[in-house]
Amino acid sequence: MSHFAKVVDGIVEQVIVADTAEWCETNLGGQWVQTSYNTYAGVNNREGGEALHKNYAGIGYTFDGTGFAAPKPYESWTLNADSYIWEAPAPAPQDDKFYTWSEEDLAWVEVVAS
């Protein structure tokens, strides 16, 4: 059994487990595209596994015929054409602190516990 995403006008509406895309199309109608929860950023994390459509599909994701992309998190972020992962205009700090993105400042802001 595999996972399949129902795609309507380029947007994922549903993800199910089924035998084949043909079964989904015949019995449920619409366009169905295989997806794998082992695939992230164009890489399959299982040894010898094939990466399917860049990322595992989720409801609300877009599909352009090549890959699945999550909804855009912030207006300033851009989609990496290779991984189909959204990237901030500035890299996140690499330390032990927690950060959140500030769209107003276009920068990572430290989250301070209160």
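Note: the structure precedes this text.
Residues numbered from 1 in each chain as written. Predicted model: local features only at pLDDT ≥ 70, side-chain atom pairs only at ≥ 80, totals over all residues. Heavy atoms only, no water.

J.: Quick rundown of the overall build of the protein? Include the residues and the values.
T.: A count of helical and extended segments in the protein gives 1 helix and 11 strands. Scanning the protein from its N terminus toward the C terminus, one meets helices and strands in the order β-β-α-β-β-β-β-β-β-β-β-β. At 17 Å, the protein has a C-alpha radius of gyration far larger than the 13 Å of a compact globule built from 114 residues. The C-alpha extent of the protein, read off along each of the three principal axes, is 50 × 35 × 30 Å. Every one of the 114 residues in the protein was classed for burial, and the buried ones make up 26%. Considering only intrachain contacts with a sequence separation of at least 6, the fraction spanning at least 24 residues in the protein is 34%. Summing over all exposed atoms, the protein offers an accessible surface of approximately 7,500 Å²; the carbon and sulfur share of this is 50%. Taken as two groups, the 5 positive and 17 negative side-chain charges of the protein have centres that lie 2 Å from each other. (Helix = DSSP H or I, 4+ residues; strand = E, 2+ residues; numbered from the N terminus. Rg over C-alpha atoms; globule rule 2.2 N^0.38 Å. Buried < 20%, exposed > 50% of the residue type's maximum accessible area, 1.4 Å probe, protein only. Contact = heavy atoms within 4.5 Å. Areas by Shrake-Rupley, 256 points an atom, 1.4 Å probe, with all protein chains shown as cover. Lys, Arg positive; Asp, Glu negative; His and termini not counted. Charge placed at Lys NZ, Arg CZ, Asp CG, Glu CD.)

J.: Please set out the packing of aromatic side chains residue by residue, giving values where relevant.
T.: Scanning the entire structure with this criterion turns up 6 aromatic pairs. Judged by centre distance (6.3 Å) and plane angle (75°), the rings of Tyr37 and Tyr56 are edge-to-face. With Tyr37 in the loop between strand 3 (31–35) and strand 4 (39–40) and Tyr56 in the loop between strand 5 (43–44) and strand 6 (62–63), the pair connects residues that are 19 residues apart, well separated along the chain. For Tyr37, a relative accessible area of 54% translates into the label exposed. Since its relative accessible area comes to 28%, Tyr56 is described here as partly exposed. Ring plane angle 75° and centroid distance 5.2 Å describe the contact between Trp101 and Trp108, whose orientation is recorded as edge-to-face. (Phe/Tyr/Trp six-rings, centres within 6.5 Å; stacked < 30°, edge-to-face > 60°.)

J.: Just give me the short version of the environment of Asp64, but keep the residues and values in it.
T.: Tracing the sequence through the fold places Asp64 in the loop between strand 6 and strand 7 (68–69). When the C-alpha positions of Asp64 and Ser36 are compared, they lie 16 Å apart, and in sequence the two are 28 residues distant. There is a polar contact of 3.0 Å between the side chain of Asp64 and the backbone nitrogen of Gly67. A polar atom in the side chain of Asp64 sits 2.6 Å from the side chain of Tyr84. (Polar contact = N/O pair within 3.5 Å; in protein donor to acceptor, adjacent residues only side chain to side chain.)

J.: Tell me about the side chain of Thr39, residues and numbers included.
T.: Position of Thr39 relative to the elements: it lies in strand 4. Separated by 3.1 Å, the side chain of Thr39 and the backbone nitrogen of Leu52 make a polar contact. In contact with Thr39, not counting residues within four places along its chain, are Asn44, Glu50, Ala51, Leu52, Lys54, Asn55 and Tyr56.

J.: Hey, could you go over the pairing of strand 1 (residues 2–8) for me, with residue numbers and the actual values?
T.: Judged by how many residues are buried, strand 1 sits mostly within the fold: 5 of 7 residues are covered. Two elements, strand 1 and strand 2 (residues 11–18), share 7 bridges in a ladder whose sense is antiparallel. Residue pairing in the sheet places His3 in a bridge with Val17 of strand 2. Pairing of strand 1 with strand 3 involves 5 bridges; the strand directions are antiparallel. Bridge pairing in strand 3 links Ala5 to Val33. (Pairing = 2+ DSSP bridges.)

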